[in-house]
Amino acid sequence: MSSFQILVAVLTVGYLSFCLYIGKKTETEVKDANDYFLAGKEVTFWFVFFTCWATFSGAGNFVGYTGRAAVHGISSFWVFIGEVVLGYNAFAYLLAHRLAKYNYITMAHYLSEQLAGGDLFVRRIAGFATLLPNVCWVGGQIMALSYIYNMAFGINPNIMAVIAGAVVIYYTISGGFKAVVQTDFFQGIMQLVLFAGTVYFIFKITGFNVSFVKEQLIAQDPKLWQLMPEGIMSHISAFLVGFFGALSNPPMWNRAFSAKDTGTAKKAFRTSMSMTAIAVVFMMFLGLYTRAINPAVGDQATFWFIFNHTPMAFQALAIVCCMAACMSTADTHLNCGGANLLCDI
């Protein structure tokens, strides 16, 4: 193994060991369903903030949006504006503090009680509808981190998928939402470190030179610098999918319900969602810049940039931090899916 691989392996083992420790520690703290799925509705500001930041600034924002920008150019901003700018912040400013007044466990629980008089059939249908994306999201995140480790070690992605999947399942099932928010607290800090380091290198290497990026992208394909290269309806559709997808994202509701009080939900969500929007702007610029200097980069823009333009220590840190981003999203959807299955369906 190279010194780089040894460093990644040591950081990975340390991180996974910490997750297992949290799962073991919290399994004795769970007393009932409210405790298991809402952490007793006692989640304070910093834990709400970091669990929101960790979950909603995960691999999709640090890797997915960067790759989308590299592939589609500035038209990719339609989804970003719909989901992150308007959807996330509409939830943060209009809904989060209102939902924090309630002691519901899931979005389906809220909808059936508030709109259908507690009808169990409505709750089961809504629970099943939200269970499906929760299950798929877990698999998607585990698959993503397995490919990251395939890039670093050249091993079969299935090996890392099994290892990481087993760890996230263990601590999420053992400690419930208490384990999720405690691991997310540290995973959120890791993602802040990753974001800060990435922004530093973006400025250092690119100088945030928009004119250069524009010139290069237009030379490659003028559509890359067009807001509506495929016609207005397809981009409006992307905007609406992003917007309503964010508003109906089950973990958003779960975090609001778990907040200790309305003030906690208001401050934590508004701070976290605003930071997320700022972070994604930088990551999308990174995608555009990377496409400008490497037309063949595809959706691997984030890691191509990191592996080609940053020192080894940061590369190793970035891999483990991206693993944390994937697992923070996976544990969230696993917990929410469990609530759909056991409490709604």
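The present account deals with the structure reproduced in this document. Since the model is a prediction, treat every value here as computed from it, not as a measurement. (Residues numbered from 1 in each chain as written. Predicted model: local features only at pLDDT ≥ 70, side-chain atom pairs only at ≥ 80, totals over all residues. Heavy atoms only, no water.)

1. A few points about the overall build of the chain
Put simply, the test is: Put simply, DSSP marks the helices as runs of H or I at least four residues long and the strands as runs of E at least two long, and each gets a number from the N terminus on. To get the radius of gyration, use the C-alpha atoms; to get the globule rule, take the number of residues to the power 0.38 and multiply by 2.2 Å. Relative accessibility under 20% of the residue-type maximum defines a buried residue, over 50% an exposed one, and the middle range a partly exposed one, all with a 1.4 Å probe and only protein chains included. Here a residue-residue contact requires only that any non-hydrogen atoms of the pair lie within 4.5 Å. Only the protein chains shown count as covering a residue, and every accessible area follows the Shrake-Rupley method with a 1.4 Å probe. Positive charge is attributed to Lys and Arg, negative charge to Asp and Glu, and no charge count is given to His or to the chain ends. Charge coordinates come from a single atom per side chain, which is NZ of Lys, CZ of Arg, CG of Asp or CD of Glu.
Across its full length, the chain holds 14 helices and zero strands. The helix and strand sequence of the chain, counted from the amino end, reads α-α-α-α-α-α-α-α-α-α-α-α-α-α. What you see for the chain is a C-alpha radius of gyration of 20 Å, in line with the 20 Å of a compact globule of 345 residues. Residue burial in the chain is summarised as follows: out of 345 residues, 54% are buried. The contacts in the chain between residues at least 6 apart in sequence include a share of 84% that link residues at least 24 apart. Of the accessible surface of the chain, which amounts to about 14,200 Å², a share of 68% is contributed by carbon and sulfur atoms. Looking at the chain, you have 19 positive and 16 negative side-chain charges, and the mean spots of the two groups are 6 Å apart.

2. Here's the deal with the packing of helix α6 (residues 107-116) against helix α7 (residues 120-153)
How two helices sit against one another is set out by the angle between their axes and by the gap between those axes. Where we set the bar: Each axis is a line fitted through C-alpha atoms, taken for helices only over the stretch in contact, and angles between the N-to-C directions span 0 to 180 degrees. Here roughly perpendicular refers to angles of 65 to 115 degrees, roughly parallel to angles under 35, roughly antiparallel to angles over 145, and oblique to all remaining angles. Handedness of each helix crossing follows the sense of rotation of the near helix against the far helix: counterclockwise by less than a right angle gives left-handed, clockwise gives right-handed.
At a minimum axis separation of 8 Å, α6 and α7 run at an interaxial angle of 150°. It follows from the interaxial angle that α6 and α7 lie roughly antiparallel. In the packing of α6 onto α7, the handedness of the crossing is right-handed. Mapping the contact onto sequence places M107, A108, H109, S112 and A116 in α6 and V122, R123, A126, G127 and T130 in α7.

3. Thoughts on the nonpolar core
Cut-off, in case you're wondering: Remark: nonpolar core denotes a set of buried residues (Ala, Val, Leu, Ile, Met, Phe, Trp, Tyr, Cys) joined through side-chain atoms within 4.5 Å.
Residues Y15, F91, F269, M323 and M327 are the most contacted members of the largest nonpolar core, which totals 101 residues. Per-element accounting of this core gives the leading share, 16 residues, to helix α8 (residues 157-206).

4. Some points on the environment of I202
Position of I202 relative to the elements: it lies in helix α8. Each C-alpha atom, one on I202 and one on Y65, is 15 Å from the other, the two residues being 137 residues apart in sequence. The contact partners of I202, leaving out residues within four places of it in the chain, are G207, F208, F282, F285, L286 and F305.

5. Some remarks on the environment of L145
Inspection of the secondary structure assignment puts L145 in helix α7. Note on L145: relative accessible area 0%, which makes it buried. Sequence separation between L145 and T44 is 101 residues; the distance between their C-alpha atoms is 29 Å. Not counting the four nearest positions on each side in its chain, L145 is found in contact with M160, A164, M323, C326 and M327.

6. Some points on the side chain of T51
Using the following cut-off: Polar contacts, as counted here, are pairs of nitrogen or oxygen atoms within 3.5 Å of one another; within protein the pair requires one atom able to donate a hydrogen and one able to accept it, and residues that are adjacent in sequence qualify only if both atoms are side-chain atoms.
Inspection of the secondary structure assignment puts T51 in helix α3 (residues 45-56). With relative accessibility at 1%, the residue T51 sits in the buried group. Among the polar contacts listed, one links the side chain of T51 to the side chain of R255, at a separation of 2.9 Å.

7. Some details on the pattern of salt bridges
Formally: Salt bridge criterion: a side-chain nitrogen from Lys or Arg within 4 Å of a carboxyl oxygen from Asp or Glu.
As enumerated under the stated definition, the model contains five salt bridges in all. In this structure, K24 and E27 form a salt bridge, with 3.1 Å as the shortest nitrogen-oxygen distance. Take K24: its relative accessible area is 52%, and that puts it in the exposed class. Among the salt bridges present, the one from D344 reaches R123, with a minimum N-O distance of 2.7 Å. Pair noted here: D344 is in helix α14 (residues 312-344) and R123 is in helix α7, with a separation of 221 residues, a long-range link. This pair shows no difference in class: D344 is buried, exactly as R123 is.

8. Focus on the state of the cysteines
Put simply, the rule is: The criterion for a disulfide is a pair of cysteine sulfur atoms lying within 2.5 Å.
One pass over the full model with this rule turns up zero disulfides. Here C19 stays unpaired: no disulfide links it, and the sulfur of C321, its closest cysteine neighbor, is 12 Å away.

9. Brief notes about a nonpolar patch on the surface
Selection rule: In this scheme, patches are assembled from residues that exceed 30% relative accessible area and form no salt bridge. Like charges are connected within 9 Å, while nonpolar side chains (Val, Leu, Ile, Met, Phe, Trp, Tyr) are connected within 5 Å.
A contiguous nonpolar patch, built from F128, L132, L341, L342 and I345 and spanning about 510 Å² of accessible area, is present on the exposed surface. When residues of the nonpolar patch are traced back to their parent elements, those giving at least two are α7 and α14. Here I345 is to be found in the segment after α14. Residue classification places I345 among the partly exposed residues on the basis of a relative accessible area of 39%.

10. A word on the packing of α3 against helix α11 (residues 250-258)
The cut-off we apply is this: Any residue outside Ala, Val, Leu, Ile, Met, Phe, Trp, Tyr, Cys, Pro, Asp, Glu, Lys and Arg is labelled polar, Gly included; the first ten of those are nonpolar and the last four are charged.
Contact geometry for α3 and α11: axes closest at 11 Å, N-to-C directions at 175°. In terms of their interaxial angle, α3 and α11 are classed as roughly antiparallel. Each of T51, C52, T55 and F56 in α3 lies in contact with α11, whose residues at this interface are P251, M252 and R255. Along the lines of polarity and charge, the residues of the contact of α3 with α11 split into four nonpolar, two polar and one charged.

11. Observations concerning the side chain of T12
For T12, the position within the fold is in helix α1 (residues 3-26). Separated by 2.7 Å, the side chain of T12 and the backbone oxygen of V8 make a polar contact.

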